[in-house]
Amino acid sequence: MTIRYRLLTILFLVFTLMLAACAAPAAQEPQQPAELVFTDGLQRQVILQQPAQKIVSLAPSNTEILFSVGAGEQVVGRDAFSDYPQEALVLPDVGGGWGELNNELIVSLQPDLVLAAQINTAEQVKTLEDLGLTVYYLPNPTDMAGLYANLREVARLTGQESQAEDLISELESRVAAVVEKIAPLSYHPLVFYELDSTDPNAPWTPGPGTFIDLLIGMAGGANLGSTLQGEWVQVSVEELISSNPDIILLGDYVWGGVQPEDVAARPGWEVIAAVEKEQVYPFDDNLVSRPGPRMVDGLEELARLLHPEVYE
């Protein structure tokens, strides 16, 4: 092979490589994932660069929602009242409840999201934001559709959409099963739901429009407090005797230790139909006062208590 032929061959190869390089598409810069933009319950815009991976929960309902949609391992801190599920108890307690939040501890946990709720004040939200934290305020739902919407929103915040949809489908089926059992019934017992009997002569009960009022109605009962004014209302013994509820549910059983025999011993209460017929029942208030997925557990338990005949 002559030198001239070799040079021509080399030049041809170089030319071919140059053409191939020109024809090849230019390397594209990797695209940044789109921001996640939310509007929270305070009508504030909340922006995440990606689903939150380190979350501090400031309410028991939020904690239960996070674990239920599959984001439990992303929770790095919880409020003092978050005691369910059991796994939440090993997480750092950042205060709250009836006390102050430990803002210093919250900051030290380096969360990429703080999930607040309606038990937290707008001032608390602002204080945490002023500390450089991203805070999302989750409002309380007023109906089942609102509960499902909250589950979906928390799932979006945490990247757990698929598991949340499975959960919602299961909850909807369980609610439909209760509705199917209750719908044919014509008897709706009058229910007094006791929230707080610190003053037994004027105990507190949920009023109209509350989630407890909604659940009692869905379970086939009539909430005594639905005819009163206010979200949480005190009722006098005289009003109770006059209304004469068929069933009394003790929502202050869990935290206050109130038992049916305590109610029977209250002066004047012995003439109330529920006391006479021994239809006074302890009830786990956490199932209906925490606006999370266990509200469906609460609905099912209420239906069994109010209408045991359809569950026999």
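Structural data are supplied above this passage.
Since the structure is predicted, the reported quantities are computational estimates derived from the model, not experimental observations. (Residues numbered from 1 in each chain as written. Predicted model: local features only at pLDDT ≥ 70, side-chain atom pairs only at ≥ 80, totals over all residues. Heavy atoms only, no water.)

Engineer: Explain the overall build of the protein chain to me, please; I cannot follow it from the model alone.
Structural biologist: Scanning the protein chain from terminus to terminus reveals 13 helices and twelve strands. Buried positions account for 44% of the 312 residues belonging to the protein chain. Contacts spanning at least 24 positions in sequence make up 60% of the contacts within the protein chain whose residues lie at least 6 apart. A total accessible area of about 16400 Å² is found for the protein chain, and carbon and sulfur atoms account for 55% of it. (Helix = DSSP H or I, 4+ residues; strand = E, 2+ residues; numbered from the N terminus. Buried < 20%, exposed > 50% of the residue type's maximum accessible area, 1.4 Å probe, protein only. Contact = heavy atoms within 4.5 Å. Areas by Shrake-Rupley, 256 points an atom, 1.4 Å probe, with all protein chains shown as cover.)

Engineer: Looking at this structure, how should I read the environment of V191?
Structural biologist: Mapped onto the fold, V191 is located in strand β7 (residues 190-194). Note: C-alpha distance between V191 and A274 (83 residues apart in sequence) is 8.8 Å. Other than its neighbours up to four places away in sequence, V191 contacts I216, G221, A222, N223, L224, P245, I247, L249 and L306.

Engineer: Explain the packing of aromatic side chains to me, please; I cannot follow it from the model alone.
Structural biologist: Both the distance between ring centres and the angle between the ring planes are used here to describe each pair of aromatic rings. Applying the stated criterion across every chain yields a total of three aromatic pairs. Consider the rings of F38 and Y136, whose centres lie 6.2 Å apart with planes at 85°: the pair is edge-to-face. Of this pair, F38 sits in strand β1 (residues 36-39) while Y136 sits in strand β6 (residues 135-138); the two residues are 98 residues apart in sequence, bridging distant segments of the chain. For the pair F38 and Y136, one class covers both residues: buried. (Phe/Tyr/Trp six-rings, centres within 6.5 Å; stacked < 30°, edge-to-face > 60°.)

Engineer: Just checking my understanding: could you explain the sheet that holds β6 for this structure?
Structural biologist: The strands making up a sheet associate through hydrogen bonds between their backbones, and the pairing can be parallel or antiparallel. One open sheet holds the four strands; their spatial order is β4-β3-β5-β6, and the pairing between them is parallel. Two strands close off the open sheet at either side, each with one partner strand: β4 (75-78) and β6. Recorded for the sheet is a direction-independent mean angle of 25° between the axes of neighbouring strands. Pairing between strand β3 (residues 55-57) and strand β5 (residues 113-117): three bridges, direction parallel. Note on β5: the bridge partner recorded for V56 is V114. Contacting β5 and β6, helix α4 (residues 122-130) runs over the sheet at an angle of about 165° to β6. (Pairing = 2+ DSSP bridges. Axes fitted to C-alpha atoms, helices over the stretch in contact; angles between N-to-C directions.)

Engineer: How do you make sense of the pairing of strand β11 (residues 247-250) when you look at a structure like this?
Structural biologist: Each regular strand carries side chains that alternate between the two faces of the sheet. The side-chain alternation of β11 yields two buried faces, one formed by I247 and L249 and the other by I248 and L250. For β7 and β11, the ladder comprises four bridges, and the chain directions are parallel. Looking across to β11, one finds that E194 is bridged to L250.

Engineer: In this structure, what is going on with the sheet that holds β7? I would like to understand it.
Structural biologist: Strand order in the open sheet made by the four strands is β9-β7-β11-β12, with parallel pairing throughout. Of all the strands in the sheet, the pair left with one neighbour each is β9 (222-223) and β12 (280-282). Each of β7, β11 and β12 touches helix α13 (residues 295-306); the most contacted strand, β11, lies at about 145° to it.

Engineer: Sorry, what's going on with unusual backbone geometry here?
Structural biologist: Residues other than glycine predominantly adopt negative phi, and peptide bonds predominantly adopt the trans conformation. Following Y84, the chain continues to P85 via a peptide bond in cis, the omega torsion being 0°. With respect to the secondary-structure elements, P85 resides in the loop between β4 and α3 (103-108). The phi dihedral of Q43 is positive, around 60°, even though this residue is not glycine. Structurally, the position occupied by Q43 is in the loop between β1 and β2 (45-48). One non-glycine residue with positive phi stands out, namely N244, at about 55°. Among the structural elements, N244 can be located in the loop between α8 (237-243) and β11. Given the relative accessible area of 32%, N244 is considered partly exposed.

Engineer: Even after reading the chapter, I still don't get the side chain of N223, so can you show me in this structure?
Structural biologist: Among the structural elements, N223 can be located in strand β9. Among the polar contacts made by the side chain of N223, one reaches the side chain of D213 at a distance of 3.0 Å. If we skip the residues at most four places from it in the chain, N223 touches L190, V191, P206, G207, D213 and I216. (Polar contact = N/O pair within 3.5 Å; in protein donor to acceptor, adjacent residues only side chain to side chain.)

Engineer: Just to check I follow, could you spell out the environment of E153 for this structure?
Structural biologist: Structurally, the position occupied by E153 is in helix α5 (residues 144-158). In this structure, the C-alpha to C-alpha distance between E153 and A164, residues eleven residues apart in sequence, is 9.4 Å. Leaving out residues up to four positions away in the same chain, E153 has contacts with F38, T39 and Y136. Engagement of the side chain of E153 in a polar contact is seen with the side chain of Y136, the distance being 2.8 Å.

Engineer: What should I look at first to understand a nonpolar patch on the surface in this one?
Structural biologist: Together, Y253, V254 and W255 make up a nonpolar patch on the protein surface, roughly 320 Å² of accessible area in all. Within the fold, Y253 resides in helix α9 (residues 253-256). On the basis of relative accessibility, which here comes to 33%, the residue Y253 falls in the partly exposed class. (Patch = residues over 30% accessible without salt bridge, like charges linked within 9 Å, V, L, I, M, F, W, Y side chains within 5 Å. Salt bridge = Lys/Arg side-chain N within 4 Å of Asp/Glu carboxyl O.)

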